[in-house]
Amino acid sequence: MRVLLVDGEPDRAAAVKTGLESAGCAVVAVAPDVADLTRLVREAEADVIVCDLDDPGRDALESMRALNRDEPRPVVVFAARGEPDQIEAAIEAGVAAYVVEGLAPNRVRPVIEVAIRRFRAHQALRAKLEQAEATLADRVVIERAKGVLMQRRRLSEEEAYRLMRRWAMDRGEKLAQVAQQFLREI
């Protein structure tokens, strides 16, 4: 497991790095802050990001949000404080685990493993949602095109659907593509 460690205190970062390595992680980079986090993750080819922060502020959470959008990875935050609003903002920014009371070496590996599993589950749900939205959008386009065909050519719903299906088969395209093209041409 390739880990990017973010910690602004060099002595603490060295201790955390040792703890991560003793837990079987390969620390591929250590950064003093989360500025330009996406670039750091890409350069280090990190699988997981572990942030040991005293107080994750707005800028840190914005960097994590950008990472989650552009280069999704599990992010684990070990923080000294954990106000409910702060934890909620971190979760909304894509943080997979938020641990209050700092980082303890014996807790690192299990927390990272839970964060990875939570991240993967979230990514799977996100993919399903995107697929469902795309399917729904296709269905709406098909229904609109079918309605126009029914009205203009005085076809039944079944006849309009069969006609569009035949167009799609003749062109070797998906039904939604044919419906979209038909709607653009009218």
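Residues numbered from 1 in each chain as written. Predicted model: local features only at pLDDT ≥ 70, side-chain atom pairs only at ≥ 80, totals over all residues. Heavy atoms only, no water.

**Structural notes on a negative patch on the surface**
On the surface, Glu 83, Asp 85, Glu 88 and Glu 92 cluster together into a negatively charged patch. In this fold, Asp 85 is placed in helix H4 (residues 84–92). (Patch = residues over 30% accessible without salt bridge, like charges linked within 9 Å, V, L, I, M, F, W, Y side chains within 5 Å. Areas by Shrake-Rupley, 256 points an atom, 1.4 Å probe, with all protein chains shown as cover. Salt bridge = Lys/Arg side-chain N within 4 Å of Asp/Glu carboxyl O. Lys, Arg positive; Asp, Glu negative; His and termini not counted. Charge placed at Lys NZ, Arg CZ, Asp CG, Glu CD. Helix = DSSP H or I, 4+ residues; strand = E, 2+ residues; numbered from the N terminus.)

**Thoughts on the pairing of strand S5 (residues 97–100)**
Pairing analysis gives four bridges linking strand S4 (residues 75–79) to S5, with the strands arranged parallel. For Val 76, the partnering residue across the bridge sits in S5 and is Ala 97. In this region the chain leaves S4, passes through H4 and returns to the parallel neighbour S5; the handedness of that crossover is right-handed. (Pairing = 2+ DSSP bridges. Right-handed = clockwise from strand over helix to strand, strands pointing away.)

**Quick look at the pattern of salt bridges**
Side-chain pairing between opposite charges can occur once the charged atoms of the two side chains come close. Under the defined criterion, the tally for this structure stands at 14 salt bridges. One salt bridge in this structure joins Glu 9 and Arg 12, with 3.8 Å as the shortest N-O distance. You can call Glu 9 partly exposed: its relative accessible area is 37%. Taking the relative accessible area as the measure of exposure, Arg 12 reaches 23% and is therefore partly exposed. A salt bridge links Arg 73 to Glu 71; its shortest N-O distance comes to 3.3 Å. (Buried < 20%, exposed > 50% of the residue type's maximum accessible area, 1.4 Å probe, protein only.)

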